Amino acid sequence: MPTAPIAPAPNTAGCSLPHPLPLPVLGDEVRAPLADGGEIGYAALDYAASAPALRAVWDEVAAYAPYYGSVHRGAGYLSQLSTDLYEESRATVAAFLGCRPDDQLIFTRSTTDSLNLLAGALPAGTQVFVFETEHHAALLPWAHHGHPVTYLPAPRTPGQAVATLVNALADAAPGPKLLCVTGASNVTGELWPIAELATVARRSGARTVLDAAQLAPHRPVDITELGVDWVAFSGHKLYAPFGSGVLAGRPDWLRDAAPYLAGGGASNTVTAQGGSVGVVWNDNISRHEAGSPNVIGAFAIAAACRALTDAGFEQLVAREEELLTALRSGLATVPGVRQLSLFGPDAPRVSVLSFVVDGWSSEEFAKALSERYGIGVRDGLFCAHPLVRTLLGPEGDGARAAGCDGPLKAIRVSFGVGTPAEHVERVVRAVRELVAEGQPVAAG
């Protein structure tokens, strides 16, 4: 197979000064307009929605772009090269996830796409167990694909989560079973007891799929060590925002299921049979990768996996925890700010934090952070409506911030390897100043 003479493309997008971050990202030179007519360096603090691309990822993609070609579709040099890079990317990501020798890794569009693919591949009648605290990507596919679902109540400690699952599985009917659980909450950042939950599931004959969308960018994810059967995550949260995702794990249910999409690539042989056609579907990974694959997306995920591995998660985790501690302790000193937590203040977590502010709607507060301080955060219910409503209080939708009209929602700050310390310091200062001033009274 040919080997591409690909060298890293020159970095022309960033500043010329040495970058202090362990893994620089695109966008650190962007200036945000302010309401007073000025501008300021943009503080991107919405990594949990979509993280900026690593410069290393962008450089690798730029270097490959001239060699882009069809995958699994031709004998020409660029097609063969692109096919090699696509399959090498699959191997790189599998190694990043600690996949077992017989695991399959399928490239998808996103975590949502991955979990819907798996939902469509479950044997008929599979009982699915999912905590109501999950992101909608993990909460909704199972019933949508016709499987019976047991929605487990929100636990208040990791131990309670394990006990809840033990009791639920003890009452389950015979037959195939699946647990779907997040690795890190997209609302609170709190880490879930994945290995313990997977052990409980396995002892009861159930399988486990891990939603690692928020975990993989911040912590090592090892399928073998965690004892889960599948892992799903998105490239755009792993510093590779090119419309790609991954589902990796056991091959049997995937191999036995109907193809996720019908079309070229998934089919091995198609024959005309009078007024119809006969199809023999592939029984390998291609079965669920119909159509021309997103080789750029797959290559970008692999580049991000290499960059994170080379940087060393120990260093990255230590730095993020330092910034998270500064954020949490800073917000704790501001009157009227309540940080949201399911497991309590001492629970380990990644760099995702949600809070509410007395006297402010989340929408107006996020708007003020943007217009006055050049800070980008998320406000709302974060595609995890049941969880956020649980955390906001017993009234759920009817809960209101003190002194504020309208349903209570939350503000989320999230960051990662490309976040300067100044951005965290800025958001703490901004929250303190806005709270001290109070919400502007709307013109009447």
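Every value quoted in this text rests on a predicted model; they were computed, and no experiment measured them.

1. Description of the overall build of the protein chain
Logical step 1: Of the regular secondary structure elements, the protein chain holds 14 helices and 17 strands.
Logical step 2: At 23 Å, the protein chain has a C-alpha radius of gyration in line with the 22 Å of a compact globule built from 444 residues.
Logical step 3: Counting the 444 residues in the protein chain, one finds 53% classified as buried.
Logical step 4: Considering only contacts in the protein chain between residues 6 or more positions apart, those separated by 24 or more positions represent 72%.
Logical step 5: Taken as a whole, the protein chain presents about 18,600 Å² of accessible surface, with 55% of it coming from carbon and sulfur.
Logical step 6: Treating the 31 positive side-chain charges of the protein chain as one cloud and the 44 negative ones as another, the clouds have centres 3 Å apart.

2. Considering the pattern of salt bridges
Logical step 1: Within this structure, the stated rule accounts for 16 salt bridges.
Logical step 2: Between D229 and R250 there is a salt bridge, with the nearest N and O atoms lying 3.0 Å from each other. Of the two residues, D229 is situated in the loop between α8 (223-226) and β9 (230-234) and R250 in the loop between β10 (245-249) and α9 (252-256); the sequence distance between them amounts to 21 residues.
Logical step 3: For D229, a relative accessible area of 10% translates into the label buried.
Logical step 4: Linked by salt bridges that have partners in common, R207, D229, R250 and D252 make up one network.

3. Thoughts on helix α6 (residues 158-170)
Logical step 1: Under the 1.5 Å per step criterion, the end-to-end length of α6 is 19 Å for 13 residues, consistent within 8% with the ideal 18 Å.
Logical step 2: When we look at burial in α6, the residues that qualify are A161, V162, T164, L165, A168 and L169. One side of α6 holds all its buried residues, which, seen down the axis, span an arc of 160 degrees.
Logical step 3: In this structure, the buried residues of α6 make contact with β5 (127-131), β6 (149-152), β7 (177-182), α7 (194-203) and β8 (206-211).

4. As for the pairing of β9
Logical step 1: Most of β9 sits out of view: five of its five residues are buried.
Logical step 2: Where burial is concerned, the two faces of β9 agree: the one with W230, A232 and S234 and the one with V231 and F233 are both buried.
Logical step 3: Across three bridges, the pairing between β8 and β9 is parallel. Residue pairing for β9: L210 is matched across the bridge by V231.
Logical step 4: The sheet contact formed by β9 and β10 spans five bridges and is antiparallel. Residue A232 lies in a different strand from β10, and its bridge partner there is L247.

5. Brief notes about helix α13 (residues 385-392)
Logical step 1: Within the span of α13, buried status applies to L387, V388, L391 and L392. Projected onto a plane normal to the axis of α13, the buried residues spread over an arc of 130 degrees and lie on a single side.
Logical step 2: Each element contacted by the buried residues of α13 is listed here: β13 (337-339), β14 (352-357) and β16 (378-380).
Logical step 3: Just past α13, the residue G393 takes up positive phi, approximately 140 degrees.

6. Examining the confidence of the model for the protein chain
Logical step 1: The share of residues in the protein chain with pLDDT of 70 or more is 91%, and the mean pLDDT across the chain is 91.
Logical step 2: The low-confidence segment residues 1-19, where pLDDT is below 50, has 29 contacts with residues more than four positions distant or belonging to other chains.

7. Focus on the nonpolar core
Most often, soluble globular proteins have nonpolar side chains that are buried together.
Logical step 1: Among the nonpolar cores identified, the biggest contains 89 residues, and V93, L97 and F233 are the most heavily contacted of them.
Logical step 2: Ranked by the residues each element gives to this core, the list is headed by helix α10 (residues 295-311), at 13 residues.
Logical step 3: With residues near it in sequence (within four places) discarded, V93 still touches L105, F107, F233, V246, I301, A302 and C305.
Logical step 4: One finds V337, A366, L369 and I375 within the second-largest nonpolar core, a separate group that totals 28 residues.

Conventions we followed
- Residues numbered from 1 in each chain as written.
- Predicted model: local features only at pLDDT ≥ 70, side-chain atom pairs only at ≥ 80, totals over all residues.
- Heavy atoms only, no water.
- Helix = DSSP H or I, 4+ residues; strand = E, 2+ residues; numbered from the N terminus.
- Rg over C-alpha atoms; globule rule 2.2 N^0.38 Å.
- Buried < 20%, exposed > 50% of the residue type's maximum accessible area, 1.4 Å probe, protein only.
- Contact = heavy atoms within 4.5 Å.
- Areas by Shrake-Rupley, 256 points an atom, 1.4 Å probe, with all protein chains shown as cover.
- Lys, Arg positive; Asp, Glu negative; His and termini not counted.
- Charge placed at Lys NZ, Arg CZ, Asp CG, Glu CD.
- Salt bridge = Lys/Arg side-chain N within 4 Å of Asp/Glu carboxyl O.
- Expected span 1.5 Å × (residues − 1).
- Arc of directions from axis to C-beta.
- Pairing = 2+ DSSP bridges.
- pLDDT = per-residue confidence, 0-100.
- Core = buried A, V, L, I, M, F, W, Y, C linked by side-chain atoms within 4.5 Å.

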